[in-house]
Amino acid sequence: MRRYITFVNTIYFILISFLVNSFVLVKASPLLLIPIIPLFILLNIIPGIRPHGTKTLRIRLCNHGSVLLTLFAFSLIPSIIWHILLAIRTIPESYTILLFSALYCTISSAVIFWNGILCLYFTSTQMGIKWRVIGALCGMIPILNLMVLTKLIRITSREVEFEIEKETVSHNPELANICKTKYPIVLIHGIFFRDSNIFNYWGRVPHTLKLHGAVIHYGQHQSALTIKESARELAYKIKLIIERTGCEKVNIIAHSKGGLDCRYAISEFGIAPYIASLTTINTPHRGCIFAEKLLYAMPENVKNKVASAYNATLRAIGDETPDFLAAVNDLTAESCKKLNEKLSFPSGIYTQSVGSVMTNPHSGRFPLNLSYRYVKNFDGENDGLVGESSFAWGEKYTLLRTNGKRGISHGDMIDLNRENIDDFDVRAFYTELVSDIREKGL
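Residues numbered from 1 in each chain as written. Predicted model: local features only at pLDDT ≥ 70, side-chain atom pairs only at ≥ 80, totals over all residues. Heavy atoms only, no water.

*Asks:* What's the story with the packing of helix α11 (residues 289-297) against helix α15 (residues 368-379) in this structure? I'm lost.
*Replies:* Packed helices, taken two at a time, are described by their axes: the angle between them and the distance between them. Viewed as axis vectors pointing N to C, α11 and α15 meet at an angle of 105 degrees, and their least axial separation amounts to 8 Å. Between α11 and α15, the angle is such that the two are roughly perpendicular. Residue-level contacts link I289, F290, K293 and L294 of α11 to Y374, V375, F378 and D379 of α15. The residue makeup of the contact of α11 with α15, split by class, is six nonpolar, no polar and two charged. (Axes fitted to C-alpha atoms, helices over the stretch in contact; angles between N-to-C directions. Helix = DSSP H or I, 4+ residues; strand = E, 2+ residues; numbered from the N terminus. Parallel < 35°, antiparallel > 145°, perpendicular 65-115°, else oblique. Contact = heavy atoms within 4.5 Å. Nonpolar A, V, L, I, M, F, W, Y, C, P; charged D, E, K, R; others polar.)

Now the structure itself:
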C-alpha cells in the first residue's frame, strides 16, 4: 500500500511540476489550456482525498491538505531550476517570457498552497491555535515559512495516521461491546464549564466509548456554584436519568470539582442507592493550597472585578446563579479539609480515583503550562492546577505519568484540546477504564 501511495504521489508531483511551469508551451500554443485547466483543477481535488482506512470527511480533508502542501513544497525545486535555466536562455535579449512564466508559476502554485493550507486550518485538531498563529505570522518570511510549512505537514500527517489507526480499532467488531456496562455512564464536568453539544467537555472520549458499546449521559449542572449547590443539582439530574431510562443505577466518572460535587451528592442528598461506581479524575480531594494563597493574596477590589467578569461570562453560557468566589473558595485546602470531615464514605459503591502530573510544562497548552510552576511552589507535583497529593481517594488510586518530557495536564485528562500526546492515548485510557468497570459487573 505504501509503495502504491508513493507511486501515485510521484505521478501527482510530476504533473503538478509540469503544469505550474507550462507557460512557455501555452504561449506557443494557447489551445493547450483546454486540457491543462481541467487537469489542474483535478489535481487540486483528487490528491489525498481518499486515504485508505477512513470514511471520516475531516480526516480526508486533512490528509488532502497535507498531501497538497507536500506536493507544493517539492514542486518548488523543479520550478526554481526551470526558471534559472529560462533566465539563462532569455536574458539579456528578453525579460518578458521569464517574468510572465514566473507570474504564471506563482499564481498556479498559490492555488495549490491555499487549497492545502485552508484544508489543514479548517480540519486539523493537532495544529492547535499555536501553530495556526505561527503559520500565519511566518507565511511571508522566506526560508522560515518553508520550515514552518514542513512542521505543519509533519503534525498533520501524524494526525491522519493516528486517527486512521484509532478509527480502525474503534470499528473492530470484536471490541464493539467492551465498554457496554450494566449501568450507563454519567460524565460530570468540573468548574467553569458547561456540557455542550457544540464543544464537548470530554473531547473525543464520549464518541469512542459509544463506539465500544457505552451508554453516555451528562450531569448538565451549572458551572460555578458551591459544592453543596452543585451537588443538589446533580442529585436531581441523576434521579431524573434513573426515572427516564429505568436503569436503576449509574456509573459516574467525574472530573476535577465534579468529583467533590458527586461525593457531596452521594453523602448528603440521598442518591447513594442509585450509584454503582464513582470514579474521580484529577479531583482536589484535599484542596489546592495555591488557590488558598491566591485568594488571600489578591486585593479585595481585584477579586471582585475578576468575579464579576467571570459571573457575567458564565451567565452568557447558561448559568442562572453563578458564584465565582464561592466556587473557588470551596476548592481551598482549608475548605476541603472541613468537607472531608463532614462527608461519609459511600459504602456499597465501587470508588476509585485517577490523577496525572506534568513533568515539563513548556510543551503543554496554555494556560496550564504557565500555572504549573506556581502550583508546584505550594502543592508539589501537579497537573497545572491540582497537586498530586490531593488526588488519591477511594478503593483504588491510579497516578498517570508519561516517559516523555510533556506529562499529562488537568485539561489533557478530559481531552480538552483534542491533542495526541506521546505516551498517553486519552481515548484508550477511558476505554480501558470503562472496560474495567464492565468487568466488575457494573
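*Asks:* Explain helix α4 (residues 57-90) to me, please; I cannot follow it from the model alone.
*Replies:* Along an α-helix, a turn takes 3.6 residues, which lines up residues three or four apart on a common side. With 34 residues, α4 extends 47 Å from end C-alpha to end C-alpha; this agrees with the ideal 50 Å at 1.5 Å per step. At L76, α4 shows its largest bend, some 25 degrees, and a proline, P78, comes one to four positions later. (Expected span 1.5 Å × (residues − 1). Bend = angle between axes of the 7 residues up to and from the residue.)

*Asks:* When you look at the side chain of S335 in this model, what are you seeing that I'm missing?
*Replies:* Looking at the element boundaries, S335 is found in helix α14 (residues 333-342). In contact with S335, not counting residues within four places along its chain, are N329 and D330.

*Asks:* Explanation requested: the side chain of N200 in the structure shown.
*Replies:* Position of N200 relative to the elements: it lies in the loop between β1 (185-188) and α8 (205-211). A distance of 2.8 Å separates a polar atom in the side chain of N200 from the backbone nitrogen of W202. With residues near it in sequence (within four places) discarded, N200 still touches P206, Y218 and R418. (Polar contact = N/O pair within 3.5 Å; in protein donor to acceptor, adjacent residues only side chain to side chain.)

*Asks:* Mind showing me how you'd approach unusual backbone geometry here?
*Replies:* We note that N282 has phi near 50 degrees; this positive angle belongs to a residue other than glycine. You can call N282 buried: its relative accessible area is 0%. Not every positive phi belongs to a glycine, and R418 is a case in point at roughly 55 degrees. Of note, R418 is situated in the loop between β6 (396-400) and α16 (426-439). (Buried < 20%, exposed > 50% of the residue type's maximum accessible area, 1.4 Å probe, protein only.)

*Asks:* How should I be thinking about a nonpolar patch on the surface in this particular structure?
*Replies:* The grouping of F74, I77, I80, I81, I84, L85 and I88 at the surface amounts to a nonpolar patch, some 730 Å² of accessible area in total. One can find I80 in helix α4. (Patch = residues over 30% accessible without salt bridge, like charges linked within 9 Å, V, L, I, M, F, W, Y side chains within 5 Å. Areas by Shrake-Rupley, 256 points an atom, 1.4 Å probe, with all protein chains shown as cover. Salt bridge = Lys/Arg side-chain N within 4 Å of Asp/Glu carboxyl O.)

*Asks:* Before we go on, may I ask you to explain the packing of aromatic side chains in this structure?
*Replies:* Aromatic ring pairs are described here by two measures, namely the spacing of the ring centres and the angle between the planes. Scanning the entire structure with this criterion turns up 13 aromatic pairs. Centre to centre, the rings of F23 and F100 are 6.2 Å apart; their planes meet at 20 degrees, and the pair counts as stacked. Taken together, the residues span a long stretch of sequence, with F23 in helix α2 (residues 23-28) and F100 in helix α5 (residues 96-123) at a distance of 77 residues. By relative accessible area, which is 15% here, F23 ends up buried. Assessed through its relative accessible area of 48%, F100 is described here as partly exposed. (Phe/Tyr/Trp six-rings, centres within 6.5 Å; stacked < 30°, edge-to-face > 60°.)

*Asks:* Looking at this model, I keep getting lost on the state of the cysteines. Mind explaining?
*Replies:* Where two cysteines share a covalent bond between their sulfur atoms, that bond is called a disulfide. Overall, the coordinates contain zero disulfides when judged by the stated rule. The cysteine C138 is free of any disulfide, with C62 supplying the nearest cysteine sulfur at 20 Å. According to the relative accessible area criterion, C138 is buried, its value standing at 13%. Free of any disulfide, C288 has its nearest neighbouring cysteine sulfur in C336, separated by 7.0 Å. (Disulfide = S-S within 2.5 Å.)

*Asks:* Could you clarify how one ought to interpret the pairing of strand β3 (residues 250-255) in this entry?
*Replies:* Regular strands show a simple pattern: their side chains alternate between the two faces of the sheet. The buried count for β3 comes to six of six residues, which makes it a mostly enclosed element. Burial of β3 is two-sided: the residues V250, I252 and A254 facing one way and the residues N251, I253 and H255 facing the other way are all buried. Across four bridges, β1 lies against β3 in parallel orientation. Looking across to β3, one finds that V186 is bridged to I252. (Pairing = 2+ DSSP bridges.)

*Asks:* Any chance you could explain α15 here in plain terms?
*Replies:* When the terminal C-alpha atoms of α15 are compared, their 14 Å separation across 12 residues is substantially less than the 16 Å that a helix rising 1.5 Å per residue should span. Listed as buried for α15 are L368, S371, Y372, V375 and D379. Seen end-on, α15 carries its buried residues on one side only, within an arc spanning 120 degrees. Counted as exposed and oriented over 90 degrees from the buried face of α15: L370 and N377. Packing partners of the buried residues in α15 comprise α11. (Arc of directions from axis to C-beta.)

*Asks:* Explain the environment of F7 to me, please; I cannot follow it from the model alone.
*Replies:* As for its placement among the helices and strands, F7 is situated in helix α1 (residues 2-20). Along the sequence, F7 and L68 sit 61 residues apart, while their C-alpha atoms lie 15 Å from each other.

*Asks:* It is not clear to me how the pairing of strand β5 (residues 350-356) should be interpreted in this structure. Could you clarify?
*Replies:* Taking burial as the measure, the seven residues of β5 include seven buried ones, the bulk of the element. Residues Y350, Q352, V354 and S356 point to one face of β5 and T351, S353 and G355 to the other, with burial holding for every one of them. The pairing of β5 with β6 spans five bridges and is parallel. Its bridge partner lying in β6, S356 is registered against L400.

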